[in-house]
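Listed below, chain by chain, are the residues.
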Amino acid sequence: MSLNREWMQRDLAVLWHPCTQMKDHEQLPLVPIRRGEGVWLEDFDGKRYLDAVSSWWVNVFGHANPRINQRIKDQLDQLEHVILAGFTHQPVIELSERLVAMTPAGLDHVFYADNGSSCIEVALKMSFHYWLNRGQPQKKRFVTLTNSYHGETVAAMSVGDVALFTETYRALLLDTLKVPSPDCFLRPEGTSWEAHSRAMFAHMEQALAEHHREIAAVIVEPLIQGAGGMRMYHPIYLKLLREACDRYGVHLIHDEIAVGFGRTGTLFACEQAGIRPDFLCLSKALTGGYLPLAACLTTEDSTRPLRRLLDAARLPSLAQLHRQPAGLRGGPRHTRHFRAGPGDRAQPSAGRTHGQCHRPPRRPPPGRRGPPDRHGAGHRDGRRQGQQGGLSVAGAPGPEGLPACADPRRPAAAAGQRGVFPAALRDHPRADRFSRRGGHRGIDLATREAVSISVPGGLHPNHRDPG
């Protein structure tokens, strides 16, 4: 038995390949690859293959590129990973600075994800959250082109329109508006690319005119619809779309995950139209196929409501929020934060993900006190350095998910006290289930000051850091 066949059989016994009908491999052999160099791949029997698809459009520098190999080896000896919530490091800062410098002017902020589909979800959520915090919660629909593809997570499929990928899951998908694609392959004979793209824009104009009050964003693959069959259109469509989005108050999301970094003749496709989207999604060529990574770049205007609403809500600083024990601190997708509301009563609220802004706290109806959050406590975003006020999360989630907190307004000398309850929890009928005898001293990771930590009796003293 050849080495190729041996590895093929071992593969089919345990692997389920993406975008593959596995039954096909009962007749069509897999190609087991042993090594790669430059544009060539080599199997276990020594046969070579030209990687013309760039290993799914990611490999732009060649396989086993010596320079990239060495940089990765050097980095592994220094730092392999650190949580990016509350921490930072030199490589991510330098990469972000370079992305901001090379993308269209105004895309000044970078949020990272680990793959293209997740990056699309980031952009969709950022857009929705922007309008939510602007007091326009009805703007929650998205417009997409027919025959488009944006990934295979649920929201990404929702803004796609290639039936092969979406039809099976239609019952799970979001309600989106689909506008006919300006695909120039279908243009009438004798019609130029520009004329056809202009004519097809009338459908988009109509959709925005009729539905802009409920539309958060339009998302497009600029110039080339890749998975839809490499269908192309003229840059004038993008220019008209940018003008219309500005006119109707709608975000523009460019999915350049496949076409970014030179695939269309310019570094980014949007440059050919001379425009800047509100959100630019990048992946694939970003790492040359070495590592899974995606980046969503956005504008100062898109992030400004974040800072304004953070200040208005008097949110706690990162130094205060870091008082949660490290083992209980979730990532950005699993966190909660506290906002200071009327009378400085703690008001738990759902954590906002992906660097988005936060809604002002809702005041409960007269005579009625809102129930505490039942989903634990954590942190997501801080405020400008030096601002005061707010409550910090200082302990593990309590019984029924109720959080235990310390009051940051007390001096560090008070850290020896056995935990302090905020007013919003002190009067709660379940407050007696928190153990004041369970107080411990902790360290504020930002200031290195001693802080008081109060944990529920059920978790004290045998809690262990799961990380």
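The structure this text deals with has already been given above.
The numbers attached to residues start from 1 for each chain and follow its sequence in the written order. pLDDT decides what is reported in this predicted model: residues at 70 or higher carry local features, side-chain atom pairs at 80 or more are listed and counted, and totals for whole chains, interfaces and linings draw on all residues regardless. The side-chain values count all of the structure's non-hydrogen atoms but skip hydrogen atoms and water molecules.

Engineer: Break down the pairing of strand S5 (residues 141–145) for me, citing the residues and quoting the values.
Structural biologist: Counting buried residues along S5, five of its five residues qualify, which places the element largely inside the surrounding structure. Exposure is judged per residue with a 1.4 Å probe applied to protein chains only, and the accessible area is read against the type maximum: over 50% gives exposed, under 20% gives buried, and values in between give partly exposed. Secondary structure elements are taken from DSSP: a helix is a run of H or I of four residues or more, a strand is a run of E of two residues or more, and numbering for both begins at the N terminus. Burial along S5 is two-sided: Arg-141, Val-143 and Leu-145 facing one way and Phe-142 and Thr-144 facing the other are all buried. Pairing between strands requires that DSSP locate at least two bridges from one strand to the other. In this sheet, strand S7 (residues 215–220) lies alongside S5 in parallel orientation, the contact comprising four bridges. Counterpart to Phe-142 in the pairing with S7 is Ala-217. One ladder, built from three bridges, connects S5 with strand S6 (residues 177–179); its direction is parallel. In the strand pairing of S6, Val-143 is matched with Leu-177.

Engineer: Kindly report on the side chain of His-254, identifying the contributing residues and their values.
Structural biologist: With respect to the element layout, His-254 can be found in strand S10 (residues 251–255). In contact with His-254, not counting residues within four places along its chain, are Val-220, Pro-222, Leu-238, Cys-270, Ile-275, Pro-277, Phe-279, Leu-280 and Cys-281. Residues are treated as being in contact if the distance between any of their heavy atoms lies within 4.5 Å.

Engineer: Tell me what's going on with the nonpolar core, and back it up with residues and numbers.
Structural biologist: Burial of nonpolar side chains together is a common tendency in soluble globular proteins. To qualify as a nonpolar core, a set must consist of buried Ala, Val, Leu, Ile, Met, Phe, Trp, Tyr and Cys residues joined through side-chain atoms within 4.5 Å. Met-204, Leu-208, Val-218, Val-220 and Leu-241 are the most contacted members of the largest nonpolar core, which totals 40 residues. With eight residues, helix H9 (residues 236–248) is the single largest residue contributor to this core. Those residues in contact with Leu-208 that lie beyond four places of it in its chain are Ile-215, Val-218, Ala-244, Cys-245, Tyr-248 and Val-250. In terms of nonpolar packing, the next biggest core, distinct from the first, is built from 23 residues, Val-122, Ala-155, Ile-253 and Cys-296 among them.

Engineer: Describe the pattern of salt bridges, naming the residues involved and giving the relevant values.
Structural biologist: The salt bridge criterion pairs a side-chain nitrogen of Lys or Arg with a carboxyl oxygen of Asp or Glu, the two atoms within 4 Å. Tallying each qualifying case throughout the model produces twelve salt bridges. Residue Arg-170 is joined to Glu-167 by a salt bridge in which the shortest nitrogen-to-oxygen separation is 2.9 Å. Here Glu-167 falls in the partly exposed class, since its relative accessible area comes to 45%. Residue Arg-247 is joined to Glu-205 by a salt bridge in which the shortest nitrogen-to-oxygen separation is 2.8 Å. Linking Arg-247 in helix H9 with Glu-205 in helix H8 (residues 193–211), this pair joins segments that are 42 residues apart in sequence. Here the residues in one salt-bridge network are Arg-34, Arg-35, Glu-37 and Glu-42, joined through shared partners.

Engineer: Summarise helix H1 (residues 3–14); cite the residues concerned and give the values.
Structural biologist: The span you would expect from a helix comes to 1.5 Å times its residue count less one. In this model H1 runs 17 Å from its N-terminal to its C-terminal C-alpha over twelve residues, within 8% of the 16 Å that 1.5 Å per residue would give. Of all the residues in H1, the buried ones are Asn-4, Met-8 and Asp-11. The arc that holds the buried residues of H1, viewed along the axis, is 65°, so those residues lie on one side. In H1, those exposed residues whose orientation departs by more than 90 degrees from the buried face are Ala-13 and Val-14. Turning to H1, the residues buried within the fold contact strand S2 (40–43). Arc, as used here, means the arc of the directions from the helix axis to the C-beta atoms.

Engineer: Before we move on, could you go through the pairing of strand S12 (residues 294–299) and cite the residues and values that matter?
Structural biologist: Each regular strand displays side chains that alternate between the two surfaces of the sheet. The buried fraction of S12 amounts to six of the six residues, a majority that puts the element mostly inside the structure. Neither face of S12 is left uncovered, since the one carrying Ala-294, Cys-296 and Thr-298 and the one carrying Ala-295, Leu-297 and Thr-299 both have all their residues buried. Pairing of strand S4 (residues 107–113) with S12 involves six bridges; the strand directions are antiparallel. The partner of Ala-113 across the bridge, within S12, is Ala-294. As judged from the four bridges shared by strand S11 (residues 279–282) and S12, these two strands associate in the antiparallel manner. Note that in S12 the partner of Leu-282 across the bridge is Ala-295.

Engineer: Explain the packing of H8 against H9 to me, using residue names and the numbers behind them.
Structural biologist: Axes, fitted as lines to C-alpha atoms, cover a helix only where it is in contact. Angles between the N-to-C directions of the axes lie from 0 to 180 degrees. Two elements in contact, H8 and H9, have axes separated by 9 Å at closest approach and are oriented at 20°. Taken as axis vectors, H8 and H9 run roughly parallel relative to one another. In this structure, H8 crosses over H9, and the sense of that crossing is right-handed. When H8 is examined against H9, the residues Glu-194, Ser-197, Arg-198, Met-200, Phe-201, Met-204, Glu-205, Leu-208 and Ala-209 are found in contact with a partner set consisting of Ile-236, Tyr-237, Leu-240, Leu-241, Ala-244, Cys-245, Arg-247 and Tyr-248. Here roughly perpendicular refers to angles of 65 to 115 degrees, roughly parallel to angles under 35, roughly antiparallel to angles over 145, and oblique to all remaining angles. Crossings are assigned a handedness: left-handed for a near helix turned anticlockwise from the far helix by less than a right angle, right-handed for a clockwise turn.

Engineer: I'd love a proper account of the environment of Ser-55, names of residues and values included.
Structural biologist: Its location among the elements puts Ser-55 in helix H2 (residues 54–57). The exposure class assigned to Ser-55 is partly exposed, which follows from its relative accessible area of 32%. In sequence terms Ser-55 and Val-39 are 16 residues apart; their C-alpha atoms lie 9.9 Å from each other.

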